[in-house]
Amino acid sequence: MSEELHDVRLSVNGASYDVRVPGRRLLSDALRHDLGLTGTHVGCEHGVCGACTVLLDGAPVRACLMFAVSAQGQEITTVEGLARPDGTLSNVQQAFVECHGLQCGFCTPGFLTTITAGLRANPTPTHEECREMVAGNLCRCTGYQNIVRAVERAAELGLDTPSLVPREGSSTNEETP
Amino acid sequence: MKPAPFAYHRPSTLDEAIATLAADPHAKVLAGGQSLVPLLSMRLAQPSALVDINGLAELAGIRVDDRGVRIGALARHADVLASAEVRRTQPLVSLALAHVAHATIRNRGTTVGSLVHADAAAEMPVVLTLLGGSVEVASVRGRRTIAAAELFLGPLESSLAPDEIAVSADFPALPAGAGVAFEEIARRHGDYALCGVAALADGETVKAGFVSVSDVPTVVDLSGVPAGERGAAALAELDPVGDIHATAAYRSQLVRVLTERVVGSAVRDAELRSREGAP
Ligand SMILES: Cc1cc2nc3c(=O)[nH]c(=O)nc-3n(C[C@H](O)[C@H](O)[C@H](O)COP(=O)(O)OP(=O)(O)OC[C@H]3O[C@@H](n4cnc5c(N)ncnc54)[C@H](O)[C@@H]3O)c2cc1C
Ligand code: FES
Ligand code: FES
């Protein structure tokens, strides 16, 4: 029996992509394999590690716990969408550089998306709230101290979330795999 | 770690959803997917079809009145936790929800989905049982209300028929002068509890509900048991099991300590609320 395919329009980082996928295609796989956006990382694939975290209409969710077909009609932001339109780093990314918040970098995309949304919800977190903000993400290099410092530094730098507004002049990409 | 093939349906009305579900005895409902998708990816479940209810905006609401809190099947944990009205009307719901997973999971997971999933390590089934709440379900055969006491049958087993969709859950309001408390021990805040205790003190009646202690949510009546003896009294009614997370002896100790502490807090909360409520 051949598997039924669905035509899905995904809106990612301000561009839209048309893909044809089976119902079981995880959003994380659609982003990486169908769209070529490999910034979203996959660690555990059962919701525990947080490496695949993307923003769905601005709120962080696990891309490995959603099907691409379910994401139709919603705005997705991946780590590729966090930098400023001119390509310079967002404040959260800058804070990671300054505080040595990444070691091997595998977990970093999930931390960056989670913290970007976390600081938008709470721009002036206490130390405890900074820890809580990243508590759902695992870093296998155990770099938590520097990551928490990066959250505090990013809060100091202030909120800039260019990703969450569609980029100026971004064109609509029509892509099929 | 990829799901096996399934037919995907995304109905836009409840009637369409229950008809689609009824048409295939091996279909399953997809709500937030925070428990179902891992089961599919690990191939522990292989339904022939998924009925995605995320398009049913009619199920997204939270209604709060004097009688209590009614939570629609599409309301996310995060929506319920953010509601000041819910916190005021039945504070135990908010207290417990703060311990359900991490914010990212709460953005997608639904409170009603958590009830139907019937995990005894989950917080909300115990809360619904302790408060004497219920779930309303719909199918092509009509609607019915399932009381919490009849909802949880065994590990990950609820009494919904395969063709039924839960449309809402009702958590009764906290009566005037009653008090509640919730606490749990987890290895990391947001992880599943090694042991959790919810308590309700209402006049002479004092009850405690236990998370991660037995196969199904269990409530123990501790009315009339003096402070200092509540931990032992609770333990006499329970048989904590050991697993890779905690030995039976450690879990028993957690039951003893937490019961004392949480029931004490609920009694103090009731005293405080009675004083506030007094003219
Ligand atoms: C890393 C991680 C940590 C977690 N930690 C906790 C925790 O500490 N405490 C806790 O309580 N939970 C925890 N969860 C689970 C989470 O709370 C889920 O939200 C919840 O278990 C299920 O809700 P859902 O909407 O995601 O349901 P789904 O995953 O979509 O469905 C779960 C089951 O319920 C059925 N179902 C769902 N909704 C309906 C409906 N309306 N009608 C009929 N059937 C339905 C589905 O068919 C499926 O069998 C965790 C999850 C993850 C991934
Ligand atoms: S890959 Fe999604 S949470 Fe680990
Ligand atoms: S920096 Fe290596 S996994 Fe986090």
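Residues numbered from 1 in each chain as written. Chains lettered and ligands numbered in written order. Predicted model: local features only at pLDDT ≥ 70, side-chain atom pairs only at ≥ 80, totals over all residues. Heavy atoms only, no water.

**Section: the sheet that holds strand S6 (residues 134-139) of chain B**
Residues and elements named next belong to chain B. Taken in spatial order, the 5 strands of this open sheet run S4-S5-S10-S6-S7, and their pairing is antiparallel. Because the sheet does not close on itself, it has two edges, and the strands there are strand S4 (62-65) and strand S7 (142-147). Here the average twist between neighbouring strands, direction ignored, is 20°. Across 4 bridges, S4 lies against strand S5 (residues 68-72) in antiparallel orientation. Note that in S5 the partner of arginine 63 across the bridge is arginine 70. Strand contacts of helix H1 (residues 14-22): S6, S7 and strand S10 (165-172), with the helix running at about 120° to S10, the strand carrying the most contacts. With respect to the sheet, helix H8 (residues 123-131) is in contact with S6 and S10, its orientation differing from that of S10 by roughly 55°. (Pairing = 2+ DSSP bridges. Helix = DSSP H or I, 4+ residues; strand = E, 2+ residues; numbered from the N terminus. Axes fitted to C-alpha atoms, helices over the stretch in contact; angles between N-to-C directions. Contact = heavy atoms within 4.5 Å.)

**Examining the interface of chain A and chain B**
Taken together, the 28 residues of chain A in the interface contact 27 residues of chain B. Roughly 2200 Å² is buried in total at the junction of chain A and chain B, and carbon and sulfur atoms are behind 58% of that figure. Linking chain A with chain B are 2 salt bridges. Joining chain A to chain B, the criterion identifies 7 residue pairs in polar contact (both at pLDDT 80 or more). Looking at the side of chain A that touches chain B, the elements with two or more residues in it are strand S3 (53-56) and strand S4 (59-62) of chain A. For the side of chain A that touches chain B, the leading source of residues is S4(A), giving 4 residues. For the side of chain A that touches chain B, the residue count by class is 13 nonpolar, 9 polar and 6 charged. (Buried area = accessible area lost by both parts, 1.4 Å probe. Salt bridge = Lys/Arg side-chain N within 4 Å of Asp/Glu carboxyl O. Polar contact = N/O pair within 3.5 Å; in protein donor to acceptor, adjacent residues only side chain to side chain. Nonpolar A, V, L, I, M, F, W, Y, C, P; charged D, E, K, R; others polar.)

Remember that the coordinates give geometry; whether it matters functionally is a separate question.
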